[in-house]
There are 4 protein chains.
Amino acid sequence: MLLTGFEPFGGEAVNPSQEIVRALDGATIAAHRVVGSVLPVSFAATVPMLEDLVERHRPMLVLALGQAGGRSEISLERIAVNLVDARIADNDGLQPIDVPVVAGAPAAYFTNLPAKAIVAELRTRGIPAAPSLSAGSFVCNQVFFALAHLLATRLPEARGGFVHVPWLPQQAARQPGQPSMALATMIEGIHAAIECALAVQEDLATSGGTTH
Amino acid sequence: MLLTGFEPFGGEAVNPSQEIVRALDGATIAAHRVVGSVLPVSFAATVPMLEDLVERHRPMLVLALGQAGGRSEISLERIAVNLVDARIADNDGLQPIDVPVVAGAPAAYFTNLPAKAIVAELRTRGIPAAPSLSAGSFVCNQVFFALAHLLATRLPEARGGFVHVPWLPQQAARQPGQPSMALATMIEGIHAAIECALAVQEDLATSGGTTH
Amino acid sequence: MLLTGFEPFGGEAVNPSQEIVRALDGATIAAHRVVGSVLPVSFAATVPMLEDLVERHRPMLVLALGQAGGRSEISLERIAVNLVDARIADNDGLQPIDVPVVAGAPAAYFTNLPAKAIVAELRTRGIPAAPSLSAGSFVCNQVFFALAHLLATRLPEARGGFVHVPWLPQQAARQPGQPSMALATMIEGIHAAIECALAVQEDLATSGGTTH
Amino acid sequence: MLLTGFEPFGGEAVNPSQEIVRALDGATIAAHRVVGSVLPVSFAATVPMLEDLVERHRPMLVLALGQAGGRSEISLERIAVNLVDARIADNDGLQPIDVPVVAGAPAAYFTNLPAKAIVAELRTRGIPAAPSLSAGSFVCNQVFFALAHLLATRLPEARGGFVHVPWLPQQAARQPGQPSMALATMIEGIHAAIECALAVQEDLATSGGTTH
């Protein structure tokens, strides 16, 4: 399975999604090897790199991670929208406003990950998690939408989705009043999310069922 | 030094302040042994037990810890008020409304802990922390006020204060949208707070200075 | 133009969207008469009633309003999603989980209202407003999606959108800590939003331009 | 009765407390005339001006108002603390850190206004209100403490307190995501608070009772 994160952006020195990818890269989860990759925060460069990774590895599961500063929980994103509307500049200094991720593509895709099952599993393990109906309109949503479009058009058997994680404590320590989550908690949560997503795929493969 | 926490309350199965006390009880910090004690959440029983602990150990530093569900950071409380106004019942089923902690005592005490120095130290270490101007009006503030009154009237050389900690992740996992903090982060933070408070006392003792 | 609101739900005695519709029903804004209608909070009955209203009046502009308890601002919704996932039961006692609004329809529609221009206009007038990327997955989003689908498939010349409004002060007075907005502020805001939407349509009609 | 507010500060063009004072100045509430006065936001000048007003009018009731940006409700402050710790500079450019309001005075005063009765009355009228245990440590708390000290030492028969009000809509319109309250709602709320406070004093005067 392919696990992606992002490099730091917005003046931060660290990005929790990058740290999670570094921690899980090369691990084996439910007999699947995790291929980790850290993407640039670049409206121009990120999607081609993602496409390249997917073409090269042709994974059955892709989980893309990103930082959502200000959120308290691990967010399982349910809907990718065909919209880029950047509140701040990316790491190349570009700040596109109200343009589509993929011109001519549908307005949105629902994730085909079992978002609610993953949330339930994480909560059972004592990890704060919630489903989310908006991944925003920055590079995170761009990657989420591009991934969903890629899977829909070229890898219909695969599953993919996007998970937002809170700030790390050391980031929140510089922003009074803001929530955070320890890296260890995030890694445990993402590990469990991958397990859960793979288990659903196993079930479907075994039963010959198809996904909704 | 004396470190106190509370047992769980409000229907919770765990209290982070109890877990921190268990983790640090018996430790040696800056050549001082930590004596940990878990207090009941009881308007009737808690203060006598605290007084007993202080009389028995006559500590130079007392740090009382409590849970503040909904807060994102470790809160260094600056002011204890002579007010009990319980929003929910304590573990004995009592819910006193608008009564003083100690009849005839002053309206409030400022902590003599170096609250801002501790906040600065925690933030430097990447641990979210903030000074707070209200410890509420439940058992936490009751203990904080009773401690401040006890030190002012009987142990003027000692220092004492109160620190509120957020929910643990497993508590927030049952309350969607709420912030939390990992136990390891809290333990590191309270350890650093004790070090910082002891260092200030050492400085004063060495220089023969007195506290403000 | 057609302006819809909702009856109260979730045990409330009032719904601000209903009050706004009552206040503006019959008004003339920029030479257009406002036809106001209050919809039931019913997954079964609301959409047929909306379709009936649109068929009967064939409006050039439809603005649907709904209550978003807990939000501080007037929210201009940008994206309607083809998902019903009810957190609470509707007024008929039904609580559908993870079903489409319209089976076989696209995953989402972007509004063709000038959402950001309306937000800018409201802020200039001193009315708190913000664009929003999620209208939720309750009856509000159901109506928003059904409206967008209806306009796209049967009235492509018309414009339509959805606006969420905060609780009224009398609702927030029963929910400590929650934000609210005065009815007069909301009415002024929705009046301005209608003006702004109609002005854009006039411009387009005059110039022969088409909408994005 | 004396009603005070503040001029704008922190770069704002307006202060809701000033607007409320202007609206109620000269009004008669329960046979008492309202004397309104707008205070500067100045650690040096505000307290002498307040003392002067109290000496000149010798009011039986003093209600001081201030702006608490970010709060959603009218806050009835219960405790004034003898601490100035300014987060931003006042309108003279001064930003005192950790100094007492009145050297040698007690650490705090509880208000002798019926704060909870006022909150209950406001909520009954549909106006969001809550008691508060912290008025902060800026000019608002300075005035609150100075007032409480003045009444305690020179006018023990009088009552006084402090009420924080939210931002006005036009202020929140410039700060996305922030709550606000309409001026009309605030004026109605402060009018009701004054009525409620005067009624309690009448009761006490009639019965010969003394205040807690």
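Chain A is annotated in an unreviewed UniProt entry as Pyrrolidone-carboxylate peptidase from Dokdonella fugitiva. The annotation that UniProt attaches to chain A under Function (unreviewed entry) is "Removes 5-oxoproline from various penultimate amino acid residues except L-proline." Per UniProt, the comment on chain A under Subunit (unreviewed entry) is "Homotetramer."

Draft legend 1. Expanded view of the sheet that holds strand β6 (residues 74-77) of chain B. Residues and elements named next belong to chain B. Pairing within the open sheet is mixed, and its 6 strands lie in the order β4-β1-β5-β10-β6-β9. The two strands at the open ends of the sheet, each matched to only one other strand, are β4 (35-39) and β9 (129-132). Strand after strand, the sheet turns through a mean of 25° between neighbouring axes, direction not considered. Taken together, the 7 bridges between strand β5 (residues 61-67) and strand β10 (residues 159-165) define a ladder with parallel strand orientation. When the sheet's bridge partners are listed, Val62 is paired in β10 with Gly160. Taken strand by strand, helix α3 (residues 115-124) contacts β6 and β9, and its axis lies near 165° from that of β9. Lying on the sheet, helix α4 (residues 139-154) is in contact with β1 (2-6), β4, β5, β6 and β10; it crosses β10 at an angle near 170°.

Draft legend 2. Geometry of the pattern of salt bridges. In total, this model carries 44 salt bridges over all chains according to the counting rule given. With a closest N to O distance of 2.9 Å, B:Arg71 and B:Glu77 form a salt bridge. The partner of D:Glu55 in a salt bridge is D:Arg154, with the nearest N and O atoms 2.7 Å apart. In this pair, D:Glu55 sits in helix α2 (residues 46-57) while D:Arg154 sits in helix α4 (residues 139-154), placing the two residues 99 residues apart along the sequence. We classify D:Glu55 as partly exposed; its relative accessible area is 34%. One salt-bridge network, held together by shared partners, links A:Arg78, A:Lys116, C:Asp85 and C:Asp98.

Draft legend 3. Seen up close, the sheet that holds strand β5 (residues 61-67) of chain A. All names here are of chain A. Overall, mixed pairing links the 6 strands, which are arranged β4-β1-β5-β10-β6-β9 in an open sheet. Two strands close off the open sheet at either side, each with one partner strand: β4 (35-39) and β9 (129-132). Taking the axes of each pair of neighbouring strands and ignoring which way they run, one obtains an average angle of 25° across the sheet. Pairing of strand β6 (residues 74-77) with β9 involves 4 bridges; the strand directions are parallel. Each bridged residue has a counterpart across the sheet, and for Glu77 the counterpart in β9 is Ser132. Strands β1 (2-6), β4, β5 and β10 (159-165) of the sheet are contacted by helix α1 (residues 16-24), whose axis makes an angle of about 145° with β1. Helix α4 (residues 139-154) contacts β1, β4, β5, β6 and β10 of the sheet and is inclined by roughly 170° relative to β10.

Analysis parameters
Within any chain, residue numbers begin from 1 and follow the written order of that chain's sequence. Working convention: letters from A go to chains and numbers from 1 go to ligands, in the order in which they are written. Local features in this predicted model are restricted to residues whose pLDDT is 70 or higher, and side-chain atom pairs enter the listing and the counts only when it is 80 or higher, whereas totals over whole chains, interfaces and linings include all residues. Each side-chain value is derived from all of the structure's non-hydrogen atoms; neither hydrogens nor water enter the calculation. UniProt positions are given in the numbering used here, feature names are shortened, and annotations may be inferred rather than shown by experiment. DSSP-based pairing: two strands are paired if at least 2 bridges between them are found. Labels follow the DSSP assignment, with helices taken as runs of H or I lasting at least four residues and strands as runs of E lasting at least two, numbered in each case from the N terminus. Here, axes are lines fitted to C-alpha atoms. For helices the fit covers the stretch in contact, and angles between N-to-C directions go from 0 to 180 degrees. Whether two residues touch is decided by their heavy atoms; if any such pair falls within 4.5 Å, the residues are in contact. When a carboxyl oxygen of Asp or Glu is within 4 Å of a side-chain nitrogen of Lys or Arg, the pair counts as a salt bridge. For every residue, the accessible area obtained with a 1.4 Å probe (protein chains only) is divided by the maximum for its type, and the residue is called buried under 20%, exposed over 50%, and partly exposed between those limits.

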